[in-house]
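For reference, the chains in residue letters:
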Amino acid sequence: NNYLREKWRWKTVRRLKNIILMLEWAPGAPGMTEGVPTQQALQAALRACELDGAHQSLEEHQAKGLLECLHLSTAGAPMASVPGDLASISYMLERSAPVCPSQPGRYFCLVSLFEAEHLRALLHARPAFRLGLALRAPTVFEGQALDTSADYVAGPAYQVFAAEHLCRFANSEASFNARELCAVDLCLANSSHDERHAWWEQVKRCRRRPQGRPVPTLPVAALLIPPEVRHKARLDSAVAKVKATLRRRRMSARQLFGQRAGRGGLYLSTADLTELLQTLGLSDPIEAGRLALAASRLGGGEHASVAGDFMNWGGGPATVSLAGFLKLMGSVPIAGGELEDEEAAAIEIPTSPGECTQETAMKLDAGRWSLRLVAHTKFAPVWSSVRVPGHEARPFCIWRAEVRETGLQKGFRNLTGMKSSVKQFVLGDIGVRGLDAPARGLVLQIKAAQNPPRGKGLNLSLDGWIARFLPRPVAYRLVWHDRRGSTSKGGADAGEGLYVWRPVPPSEAFVAVGAVCTTDPAEPRGVEVRCVPKTWLVRGDTLGPALWSLGERQEVRVQDSLMGVIAVPTDNLRYVPSWSFMADRFYTGT
């Protein structure tokens, strides 16, 4: 059988390209099972899940993610039975030994297609002597043997899993999830990050694939970049995210610190600062903890630095000074190139929650700004399932509405000094069954009303009003990814897979109604998606069937009320909400 394309059977000869073949050999009787030291396994899982900053209780999905990295099943387990902190998880691992089991005397090696053909012929000949062989194709049959000898006895599932993904690493692949990263990291425990990086880059240069993507943006960076360098990069990213959020909320770092420290307060505990960042939605618990510890170290004196072991949270200072927090916020410059001048000016004006609610109240008769959900017919392809093996019967693709001005339009506007009177924004990417572009989709259109109310209102132009009340997401969170897909039917520019991102609104007053998808692990850039006020929306039950699924609630579902906009799953994938606008045409603005 041809397992890749059933329609090719008995019709034509196809050449198999870029396939990994691995031989598993157990020459003797099965030996005693050995495990990885508990602390070494836990450290690898923390690095893979990017939780090597946890110092307090873990959320349920974080604890389950750690246990899944270590191949400890949590399916169907109630929350009460899932450990909630690192000490409990470490104790659970001690009781579950051996962790990540393997059998000495079981060998794995890569073989060529020519060698595999002869080995398979030997397996089918069934000789009288012992073989103990299994032939595997990791990128085609994950976890399953392509062929085995009659006397083959399977070993620990983890050992096979780790060997398969180590082969993918040796093939210079870049897309790995946390579970796969943990297994490969444990396999390469005796090699330095520099040695890994040199090997990976050398193999990648031999491949005909795009070479321009920076390594730090790839998931495989967890295996190639030393932990201290990754800690610094993550810290810089968290600081930039906080500064961008504060800028969008028209707040300063000093004002944020004073909310919990009180007027004239110069000190906060690390726990208070962590809670403050979480309460305001500026960071997730791990990012907030990293920032609190870094700020406490920067406030420790003239020669203090943020370098150090992020796992040892108990040894750092427990107090954060205002000077240390301001020094941390000033350590990373924020780029303002993406914001237009009008937006930057509007951001400096403070906005209270009451003012936001009053300004964005929906009106059906009149208002300063007119908003409509309009049909859009111009789309750009994002991803398709055309190269995914075994899915010809249910093709699926993702498109994005093109709302940006063309170069001619933008050049004419700059030449005349005129500003666009109508703005359109994407609600999210659109999922379609089949490979054809959607006939139409919805975009949000805003323009000045013909009969605005008297007075100047907030005295904002259209761009300034949009910057404050239709804000951009402050960040994007990767929800799940499928590395099997591509963006084109072939060539060196083919993408590596489907990455589904959840836009993060600047505050709880706004909602991102649609997901954004990419074909590489870098955060989306240049997408004209905006967050809308929650008061404009009503939560409904308009989800269509799953168009693409990996199981474990990792699926693409669209919102029928928004003409196919992909629904945004929650962080923990518990459910996928759907949204509807309370009206297709309305006014707002005082």
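Residues numbered from 1 in each chain as written. Predicted model: local features only at pLDDT ≥ 70, side-chain atom pairs only at ≥ 80, totals over all residues. Heavy atoms only, no water.

Trainee: Honestly, the overall build of the chain in this entry has me stumped. Any pointers?
Mentor: Secondary structure assignment for the chain yields 17 helices and 26 strands. The burial tally for the chain puts 48% of its 590 residues in the buried class. For the chain, the computed accessible surface area is about 29100 Å², with 53% contributed by carbon and sulfur atoms. (Helix = DSSP H or I, 4+ residues; strand = E, 2+ residues; numbered from the N terminus. Buried < 20%, exposed > 50% of the residue type's maximum accessible area, 1.4 Å probe, protein only. Areas by Shrake-Rupley, 256 points an atom, 1.4 Å probe, with all protein chains shown as cover.)

Trainee: Is there a simple way to explain the packing of aromatic side chains in this structure?
Mentor: We describe a pair of aromatic rings using the distance from one ring centre to the other and the angle between the two ring planes. Inspection of the entire model under this criterion finds eight aromatic pairs. Ring centres 6.1 Å apart and planes at 40° place the aromatic pair W369 and W465 in the tilted group. Of the two residues, W369 is situated in strand β9 (residues 369-376) and W465 in helix α17 (residues 462-469); the sequence distance between them amounts to 96 residues. The buried category is assigned to W369, whose relative accessible area is 6%. Judged by centre distance (6.0 Å) and plane angle (55°), the rings of W383 and F396 are tilted. One end of the pair, W383, is in strand β10 (residues 379-384); the other, F396, is in strand β11 (residues 396-401), with 13 residues separating them in the sequence. (Phe/Tyr/Trp six-rings, centres within 6.5 Å; stacked < 30°, edge-to-face > 60°.)

Trainee: Teacher, can you tell me more about the sheet that holds strand β16 (residues 498-504) here?
Mentor: Reading across from one edge, β15-β16-β18 is the order of the three strands in this open sheet, with antiparallel pairing throughout. Because the sheet does not close on itself, it has two edges, and the strands there are β15 (475-482) and β18 (516-518). For this sheet, the mean angle separating the axes of adjacent strands, direction not counted, is 30°. As paired elements, β15 and β16 share seven bridges and run antiparallel to each other. The partner of W480 across the bridge, within β16, is V500. (Pairing = 2+ DSSP bridges. Axes fitted to C-alpha atoms, helices over the stretch in contact; angles between N-to-C directions.)

Trainee: How should the side chain of R168 be read in this particular structure?
Mentor: Looking at the secondary structure, you find R168 in helix α5 (residues 157-170). Side-chain polar atoms of R168 contact the side chain of H165, separated by 2.9 Å. Ignoring anything within four residues of it in the chain, the contact list for R168 reads I20, T139, E173, S175, F176, E180 and R483. (Polar contact = N/O pair within 3.5 Å; in protein donor to acceptor, adjacent residues only side chain to side chain. Contact = heavy atoms within 4.5 Å.)

Trainee: How should I be thinking about the sheet that holds strand β5 (residues 133-136) in this particular structure?
Mentor: In sheet architecture, strand pairing relies on hydrogen bonds along the backbone and comes in two forms, parallel and antiparallel. The antiparallel open sheet is built from four strands, whose spatial order is β4-β1-β5-β6. Pairing within the sheet leaves two strands with one partner each, and these edge strands are β4 (107-111) and β6 (145-148). Pairs of neighbouring strands in the sheet enclose a mean axial angle of 25°, with direction left out of account. Note that strand β1 (residues 21-25) and β4 share five bridges and pair antiparallel. Across the sheet, M22 pairs through a bridge with L110, a residue of β4. On top of the sheet, helix α4 (residues 113-125) reaches β1, β4, β5 and β6; it is set at about 45° to β6, its chief contact.

Trainee: Explanation requested: the packing of helix α1 (residues 38-48) against helix α6 (residues 178-187) in the structure shown.
Mentor: Between two packed helices, the angle of one axis relative to the other and the distance separating the axes together describe the packing. Two elements in contact, α1 and α6, have axes separated by 8 Å at closest approach and are oriented at 135°. The angle between α1 and α6 places the two elements in the oblique class. When you trace α1 past α6, the crossing you get is right-handed. Along the contact surface, α1 presents Q40, A41, A44, A45, R47 and A48, while α6 presents A178, L181, C182, D185 and L186. Considered class by class, the residues forming the contact of α1 with α6 number eight nonpolar, one polar and two charged. (Parallel < 35°, antiparallel > 145°, perpendicular 65-115°, else oblique. Left-handed = near helix turned anticlockwise from the far one by under 90°. Nonpolar A, V, L, I, M, F, W, Y, C, P; charged D, E, K, R; others polar.)

Trainee: I tried to follow the nonpolar core on my own but got confused; where do I start?
Mentor: Residues L66, L70, I89, F169, C182, W200 and V220 are the most contacted members of the largest nonpolar core, which totals 43 residues. Among the elements of the structure, α1, α2 (60-69), α3 (86-95), β3 (99-102), α5, α6 and α8 (221-224) are those that each provide at least two residues to this core. For this core, the element with the highest residue contribution is α1, accounting for six residues. Grouped together as the second largest cluster of nonpolar side chains are 29 residues, L462, V513, L562 and F586 included. (Core = buried A, V, L, I, M, F, W, Y, C linked by side-chain atoms within 4.5 Å.)

Trainee: Whenever I open this one, the side chain of E164 confuses me. Can you help?
Mentor: Of note, E164 is situated in helix α5. Within the buried set, E164 has no salt-bridge partner at all; the shortest N-O distance to an opposite charge, 4.0 Å, is to R136. If we skip the residues at most four places from it in the chain, E164 touches M22, R136, P138, F141, E142, G143 and Q144. (Lys, Arg positive; Asp, Glu negative; His and termini not counted. Salt bridge = Lys/Arg side-chain N within 4 Å of Asp/Glu carboxyl O.)

Trainee: What is the right way to read the pattern of salt bridges from this model?
Mentor: Opposite charge on two side chains permits pairing when their charged atoms draw close. Under the criterion given, the structure shown has 13 salt bridges. Its salt-bridge partner being D185, residue R196 comes within 3.2 Å of it at the nearest N-O pair. Residue R196 is found in helix α7 (residues 193-205), and its partner D185 is found in helix α6; the two are separated by eleven residues along the sequence.

Trainee: Could you clarify how one ought to interpret the packing of α2 against α3 in this entry?
Mentor: For the pair α2 and α3, interaxial distance at closest approach is 11 Å and the crossing angle is 30°. Relative to α3, α2 is oriented roughly parallel. As for the relative orientation of α2 and α3, their crossing is right-handed in sense. In contact with A63, L66 and L67 of α2, α3 contributes L86, I89 and M92. Among the residues forming the contact of α2 with α3, the class breakdown is six nonpolar, no polar and no charged.

Trainee: What's the story with unusual backbone geometry in this structure? I'm lost.
Mentor: Notably, R126 is not glycine yet its phi reads approximately 50°, a positive angle. By the secondary structure assignment, R126 is in the loop between α4 and β5. Phi is positive for S172, close to 60°, though the residue is something other than glycine. For S172, the position within the fold is in the loop between α5 and α6.

Trainee: Quick question: what am I supposed to make of the environment of A154 here?
Mentor: Note that A154 resides in the loop between β6 and α5. Between the C-alpha atoms of A154 and G132, which are 22 residues apart in sequence, the distance is 9.3 Å.

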